[in-house]
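A closer look at the structure
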There are 2 protein chains.
Amino acid sequence: MVDVAADAGVSLKTVSRVINGQPNVDAALIERVNASIARLGFHRNALAASLRSGSRDTIGFLAADLSNTFYMTVAAAVSTVAIGRGMQVIMASSEEDARAERTLALDLCQRRVGGLILVPAGEDQSYLAGEVAAGTPVVFLDRPGGGLEADAVLIDNRGGAHAAVAELLRYGHERIALLFDSPSIFTMAERRQGFLDAFAEAGRIPDPALLVSDLHTPAAARDAMERLLEAEHPPTAVFCANNRSTIGALEAILPRDAEVAVTGFDDFELAQVLPRRIRIVDYDTDRMGTVAAETLFARIDGSAGSSRFLLPTRLVDRGGYGR
Amino acid sequence: MVDVAADAGVSLKTVSRVINGQPNVDAALIERVNASIARLGFHRNALAASLRSGSRDTIGFLAADLSNTFYMTVAAAVSTVAIGRGMQVIMASSEEDARAERTLALDLCQRRVGGLILVPAGEDQSYLAGEVAAGTPVVFLDRPGGGLEADAVLIDNRGGAHAAVAELLRYGHERIALLFDSPSIFTMAERRQGFLDAFAEAGRIPDPALLVSDLHTPAAARDAMERLLEAEHPPTAVFCANNRSTIGALEAILPRDAEVAVTGFDDFELAQVLPRRIRIVDYDTDRMGTVAAETLFARIDGSAGSSRFLLPTRLVDRGGYGR
DNA sequence: GTGAAAGCGCTAACAA
DNA sequence: TTGTTAGCGCTTTCAC
């Protein structure tokens, strides 16, 4: 910038004004400065600007698992909102590791992000208290954080699962299987609770033999479903608590054309072209990202308090062209 | 940092050394400094460190469409490599707009990213020449850039399409439809060329009535496929140049159980549970991100020249439990 | 409307 | 092993 100023025969400050489009600069000078900028191939250093002005022009997005398209979709929505505000998003992933979460979150804060959207991998986020107090707001996404007062944007996991299972019970299903991942994951515990709520409400007791946990992959869910189908008293319906479970269950059910009603939490690509009709607990992933970003920006802009958003779910049909 | 130094009764530089884990500091001083850091709740400003040292600790990833899971998967792989090097990824998307691409790319450079992985939306990236010359390497991803000497990591679109269509021809298909998006998109033009190559090699001429372009959505592909099926001379096979086309074609074919062999470019979730066997031109998306990131880091580390990686494809079976 | 000087928070270079 | 000084590139403050 010094060189540009010298080249254009103006002061540093005038160059700064031109670069930042500030008013009260003579049109002729603007011309001259711009010419010098072009001639010298000058490129402003946004880091230095940020350092001096104290402004923050990025936000951090810390997912739990970048290979999960769900978080990616949310990240895309967050990015759209951020770019609309002239900010950009630094993206990282804890890969479900609490230590990595902590390291990355603190690292993002060191980079002076204006705020942080965080999918907690660990139980305790009190390590961020200092940052929040120092003016870096945090919004929890998908799971509530622990040990830290902050906004949270969640899906109505329990309500969605409850509605899905209540429907199956209403249709007369007595033996409903539940396929899910580890109950230590917040969303899984909530969805299982919704399942149990529906049974309790109907005055029924689920068969413990039909509840299968720790299914991390579609293949595991497929094997579990096959075992259930081959058991003495197979289920007449199955509730799959995430899309990996649903896909696995279908891989077991479709080839043998088993008589099992399928309801799954989470929509997925191609659910439309399935040969049989299934029910899906759907929600608006984009909206989740948008709400999280807007909440964060509201905090950045100084709004106080902390709130918890519970995004609604709805039961929809998928597939079924064959029937 | 001044406060920490004062609190610990040491100089600024000693605090700096402790923070950066530099050697040759007395253990007792390290203790004292760390105690002061904790007491004062000090947080290092990575921007200032970066400004002074000239080091760069982020890379930019500029996708063309964040809602496309393909780019997200690549971004995840890039992020993994970057974090392994202690760097982080700033992510943005041009949403297929050349002007937005330019603005965002230059903005990332102003943020002093150490390098840029770019999916070109426009034809011409010569606007980055200054940045590249000034030491910000660029790697093109998925599409080659224009007007700029830089590495590119591409899929073997043409070869993959050629192999797929050659196989269909070998199996005796004469009337093969081609469903694809806009030929102005590099990958689409290449895949179409592969299709034509296979015909030329076999000494055949494709029926122009069976080549349908500008299918941006599964719904458009479905409609196109329906029209083809209802025409006087329907195709006996279809090659779908991307997964949106494949999904749309299946939505038309499966409900009427039409006798059409399906081959598609790009794998997709749930391809496994399709009721009929299809062929897919598959490739390693993760590897694409890894190669791009590693190429970028090699340039950052000073390797010279520019190379073009052509990632291989392979033909695989999907679905088909029903037959 | 324009410019000079100070300083954001840190690290490099050099000195002790 | 520790400290001093200068300065990264920019914006702020305030004077003109």
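Residues numbered from 1 in each chain as written. Chains lettered and ligands numbered in written order. Predicted model: local features only at pLDDT ≥ 70, side-chain atom pairs only at ≥ 80, totals over all residues. Heavy atoms only, no water.

Looking at an unreviewed UniProt entry, one finds chain A named LacI family transcriptional regulator and attributed to Microbacterium lushaniae.

Okay, the protein's contact with DNA strand D next. Taken together, 25 residues sit near DNA strand D, with A:Lys13, B:Thr14, B:Asn24, B:Asp26 and B:Arg52 positioned nearest. In DNA strand D, the atoms that sit within 4 Å of the protein are 60% sugar and phosphate, with bases accounting for the remainder. One of the backbone N or O atoms of A:Asn45 is found 2.8 Å from a phosphate oxygen in DNA strand D. One of the backbone nitrogen or oxygen atoms of B:Ser11 is found 3.0 Å away from a phosphate oxygen of DNA strand D. Looking at which element gives the most residues to the surface near DNA strand D, the answer is helix α4 (residues 46–53) of chain A, with five residues. Along the lines of polarity and charge, the residues of the surface near DNA strand D split into 10 nonpolar, eight polar and seven charged. (Near = heavy atom within 4 Å. Polar contact = N/O pair within 3.5 Å; in protein donor to acceptor, adjacent residues only side chain to side chain. Helix = DSSP H or I, 4+ residues; strand = E, 2+ residues; numbered from the N terminus. Nonpolar A, V, L, I, M, F, W, Y, C, P; charged D, E, K, R; others polar.)

On to the relation of the copies chain A and chain B, then. For the pair chain A and chain B, the relating rotation is 180°, the translation along its axis is 0.1 Å, and the fit reaches an RMSD of 0.1 Å. When the rotation and shift are considered jointly, the pair of chain copies conforms to a two-fold rotation axis. Closest approach to the rotation axis within chain A is made by the C-alpha atom of A:Ile90, at a distance of 2.2 Å. (Least-squares fit on C-alpha atoms with pLDDT ≥ 70 in both.)

The next subject is the UniProt feature "domain: HTH lacI-type" (unreviewed entry) in chain A. Per the UniProt record, "domain: HTH lacI-type" (unreviewed entry) is annotated on residues 1–53 of chain A. Helix makes up 70% of residues 1–53 of chain A and strand 0%, and the two end C-alpha atoms of the span are 16 Å apart. (UniProt positions renumbered as here; feature names shortened; annotations may be inferred.)

Let us look at the environment of B:Leu106. Residues and elements named next belong to chain B. Locating Leu106 in the fold gives a position in helix α6 (residues 98–110). The exposure class of Leu106 is partly exposed, given its relative accessible area of 24%. Put simply, Leu106 and Leu128 are 22 residues apart on the chain and 7.4 Å apart in space, counted from C-alpha to C-alpha. Excluding residues that lie within four positions of it along the chain, Leu106 makes contacts with Tyr127, Leu128 and Glu131. (Buried < 20%, exposed > 50% of the residue type's maximum accessible area, 1.4 Å probe, protein only. Contact = heavy atoms within 4.5 Å.)

Counting residues at the interface gives 46 residues for chain A and 44 residues for chain B. Looking at the side of chain A facing chain B, the largest losses of area belong to A:Leu47, A:Gln88 and A:Arg111, adding up to 16% of the total buried there. The tally of links between chain A and chain B comes to two salt bridges. Between A:Asp57 and B:Arg111 there is a salt bridge, with the nearest N and O atoms lying 3.3 Å from each other. One can count 18 residue pairs in polar contact (both at pLDDT 80 or more) joining chain A with chain B. For the side of chain A that touches chain B, the secondary-structure elements that each account for two or more residues are α4, α5 (69–84), β2 (88–93), α6 (98–110), α7 (129–133) and α11 (243–256) of chain A. (Buried area = accessible area lost by both parts, 1.4 Å probe. Salt bridge = Lys/Arg side-chain N within 4 Å of Asp/Glu carboxyl O.)

With that out of the way, let us pick up the protein's contact with DNA strand C. Close contacts around DNA strand C come from 25 residues, with A:Thr14, A:Arg17, A:Asn24, A:Asp26 and A:Arg52 the closest. Within 4 Å of the protein, the contacting atoms of DNA strand C are 60% sugar and phosphate, with bases supplying the remainder. Between a phosphate oxygen of DNA strand C and a side-chain N or O atom of B:Ser16, the distance comes to 2.9 Å. Going through the elements one at a time, α2 (12–19) and α4 of chain A together with α2 (12–19) and α4 (46–53) of chain B are the ones with two or more residues in the surface near DNA strand C. Considering each element in turn, the surface near DNA strand C owes the most residues, five residues, to α4(B). Its residues assigned to classes, the surface near DNA strand C shows 10 nonpolar, eight polar and seven charged.

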